[in-house]
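Structural overview for review
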Amino acid sequence: MLQAGDADTLDARRPLPRRMKPAFINPVFDALPTTVFETMSRLARVHGAINLGQGFPDDPGPEDVRERGARALRDGWNQYPPMMGLPALREAVAAHYARHQGLVLDPETEVMVTSGATEALAGALLALIEPGDEVVLFAPMYDAYLPLVRRAGGVPRIVALQPPAFRLDEAALAEAFGARTRVVVLNNPLNPSATLFAPEDLDLLARYCQRFDVTALCDEVWEHVVFDGARHRPLMALPGMRERTVKIGSAGKIFSLTGWKVGFVMADARLMRGLAKAHQFLTFTTPPNLQEAVAYGLGKPAPWFEAMRAGYARSRDRLADGLRGLGFTVLPARATWFLNIDVANLGYADDAAFCEALVTRHGVAAIPVSAFYPDAAVRNIVRLCFAKDDATLDAALDRMSGLAGRAA
């Protein structure tokens, strides 16, 4: 039994505290800077700016789809749904892509639901590559690609696409592909460049995938947001690509519901077995009420999708025409919610300096496209989001008036 004074003795015997070592953080993530989206959105809040940087619409999304999700939450099943996704949604995905893109998919073995497209990308990279495998990436690129590839142990081989066309180049592909290439990641339509790849680009990439026995991981979340009568052509539909393509779609982009994070993966059954195991140990499942709502939405008739595209095309043209009227050079925008301007001749050091001045001095937030290139290889292009209402776009144009003719 402890006696009086024993506590002091025990304290005296305790070793002196040592300086705590900092907790280990994987260097892939520890070295990552704050994303440009977070930085620009913070500056927009600080300066009361109009935010044309981060890509989300003003519109709340289709009322009937939201109502379907609310009813399913209130009256439906709220326990774990199947790991692969609700059968109703998987069947709806297969039917949707058969109708819109001519793909024949088995909803039982070739369709899986994920918690957004980014989870689908992460799971696919973990399933498809081993440490030391090379992965071909095209810049400009979604900022998640590079850390996901590195965390999976992949070795990135980056092909820089050049404005204004951002086309694939055979010489660059020949340099990037090799015996250790395991996966190529293609974002089509391409964010941030608003490019819809031409059939010749897809045919070229398909030939390289087959020549080097490479799996194509296709981020096609913008597939429905295409303009001017264009039609999205999935790489999976090309000859020789059905068994070597993983196709990823997103309800968030199709229905302008970015916060829902409902994605879907389509692949040959052999590939899907590995993809499903990676998904099982990431999020495992996705809210069932949202799955039910998306299943309903995917069955909407073709005129609904045409009207959605027409609405965004009208907003694109409103912003593009306004910017041209102010003297800006506007690049072609065939898809997505974005368009780009060339700021090379506006007197700023680069696109990042232009964006900083734009948000702090003129009250409009935009994104420097150099942030989508790991080496900032292109430094003169600025991305603006046009998925806003007319009043927001007009106010942004008013604040940018005179800027194209003014030196920094």
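Along each chain, numbering runs from 1 in the same order as the chain's sequence is written. pLDDT decides what is reported in this predicted model: residues at 70 or higher carry local features, side-chain atom pairs at 80 or more are listed and counted, and totals for whole chains, interfaces and linings draw on all residues regardless. Here the side-chain values reflect all heavy atoms present in the structure, with hydrogen atoms and water set aside.

Counted only if it meets this: UniProt positions are given in the numbering used here, feature names are shortened, and annotations may be inferred rather than shown by experiment.
If you look the protein up in an unreviewed UniProt entry, it shows as 8-amino-7-oxononanoate synthase from Methylobacterium fujisawaense. Per its UniProt entry, the protein bears the Cofactor (unreviewed entry) comment "pyridoxal 5'-phosphate".

1. Some thoughts on helix H15 (residues 390–400)
Definition in use: Remark: exposure states derive from per-residue accessible area (1.4 Å probe, protein chains only) relative to the maximum for the residue type, with buried under 20%, exposed over 50%, and partly exposed in between. Only DSSP runs of H or I with at least four residues qualify as helices, and only runs of E with at least two residues qualify as strands; both kinds are numbered from the N terminus onward. Directions are taken from the helix axis to each C-beta atom, and the arc is the one they span.
Turning to H15, its buried residues number three or more, namely Leu 393, Ala 396, Leu 397 and Met 400. What you see down the axis of H15 is that its buried residues fit within an arc of 100 degrees, all on one side. For H15, the exposed residues set more than 90 degrees away from the buried face come down to Ala 391 and Asp 398. Gly 402 sits one or two residues past H15 and shows a positive phi near 85 degrees.

2. Re the side chain of Asp 133
Worth spelling out the cut-off: Pairs of N or O atoms are called polar contacts if they sit within 3.5 Å, as long as, within protein, a hydrogen donor faces a hydrogen acceptor (for residues adjacent in sequence, only side-chain-to-side-chain pairs).
For Asp 133, the location among the structural elements is in the loop between helix H6 (117–128) and strand E3 (134–139). Residue classification places Asp 133 among the buried positions, given a relative accessible area of 10%. Within the structure, the side chain of Asp 133 is placed 2.8 Å from the backbone nitrogen of Glu 130, a separation counted as a polar contact.

3. Brief notes about empty space enclosed by the protein
Our working rule: Within this scheme a cavity is a closed region of a 1 Å grid, computed over the protein atoms alone, that accommodates a 1.4 Å probe without allowing it to escape, whereas a pocket is open but has protein on both sides within 12 Å along at least five of seven lines; lining residues each have an atom within 4 Å of a point. Grid points are joined across faces, edges and corners, and a volume is the space filled by probe spheres set on the points. Basically, the charged four are Asp, Glu, Lys and Arg, the nonpolar ten are Ala, Val, Leu, Ile, Met, Phe, Trp, Tyr, Cys and Pro, and anything else, Gly included, counts as polar.
Enumeration over the complete set of coordinates arrives at one cavity of 30 Å³ or more. Volume-wise, the largest cavity comes out at about 40 Å³. Forming the boundary of the largest cavity are Met 112, Thr 114, Glu 119, Ala 120, Gly 123, Ala 124, Val 265, Leu 275, His 279 and Leu 282. Mapped by element, the contributors of at least two residues to the lining of the largest cavity are strand E2 (111–114), H6 and helix H11 (269–280). Of all the elements, H6 adds the most residues to the lining of the largest cavity, at four residues. By residue class, the composition of the lining of the largest cavity is six nonpolar, three polar and one charged.

4. Topic: the sheet that holds strand E10 (residues 338–342)
So the rule is basically this: Any two strands with at least two DSSP bridges between them are considered paired. The contact rule is simple, with two residues in contact once any of their heavy atoms fall within 4.5 Å. The axes are straight lines fitted to the C-alpha atoms, using for helices just the contacting stretch, and the angles between their N-to-C directions are given from 0 to 180°.
Sheet architecture is open: four strands sit in the order E9-E10-E13-E12, paired in antiparallel fashion. The sheet is open, and its two edges are formed by strand E9 (329–330) and strand E12 (367–368), each paired on a single side. Note that E9 and E10 share two bridges and pair antiparallel. Paired with Val 330 across the strands is Ile 341, a residue of E10. Where helix H13 (residues 302–325) meets the sheet, its contacts fall on E9, E10 and strand E13 (381–385), and the angle it forms with E10 comes to roughly 10 degrees.

5. Examining the packing of H6 against H11
Operational definition: With the far helix as reference, a near helix turned anticlockwise by less than a right angle produces a left-handed crossing, and one turned clockwise produces a right-handed crossing.
Remark: H6 packs on H11, axes separated minimally by 8 Å, with the N-to-C direction vectors making an angle of 115 degrees. The crossing of H6 and H11 is right-handed. Of the residues in H11, those touching H6 at Glu 119, Gly 123, Ala 124, Ala 127 and Leu 128 are Leu 271, Gly 274, Leu 275, Ala 278 and His 279. Here the residues of the contact of H6 with H11 are counted per class, giving six nonpolar, three polar and one charged.

6. Focus on the UniProt feature "domain: Aminotransferase class I/classII large" (unreviewed entry) in the protein
With numbering aligned to this structure, UniProt lists the feature "domain: Aminotransferase class I/classII large" (unreviewed entry) at residues 50–399. With 40% helix and 16% strand, the stretch residues 50–399 has end C-alpha atoms that lie 9 Å from each other.

7. Considerations on the pattern of salt bridges
To be explicit about the condition: Here, a salt bridge means any side-chain nitrogen of Lys or Arg that lies within 4 Å of a carboxyl oxygen of Asp or Glu.
For the coordinates displayed, the defined rule picks out 18 salt bridges. When the shortest N-O distance is used, the salt bridge between Glu 223 and Lys 247 registers 2.5 Å. With Glu 223 in the loop between strand E6 (215–219) and strand E7 (245–250) and Lys 247 in strand E7, this pair connects stretches of sequence that are 24 residues apart. Judged by relative accessible area, which is 0%, Lys 247 ranks as buried. We note a salt bridge from Arg 316 to Asp 228, for which the minimum N-O separation is 2.9 Å. Residue Arg 316 is located in helix H13, and its partner Asp 228 is located in the loop between E6 and E7; the two are separated by 88 residues in the primary sequence. Note on Arg 316: relative accessible area 9%, which makes it buried. Its relative accessible area of 58% is what places Asp 228 among the exposed residues. A single network of salt bridges, built from pairs that share partners, joins Arg 314, Arg 318, Asp 390 and Asp 394.

8. A few points about the pairing of E2
Burial along E2 is two-sided: the residues Val 111 and Val 113 and Met 112 and Thr 114 are all buried. Summarising the sheet, E2 and strand E8 (residues 263–267) pair through four bridges and their orientation is antiparallel. Looking across to E8, one finds that Val 111 is bridged to Met 266.

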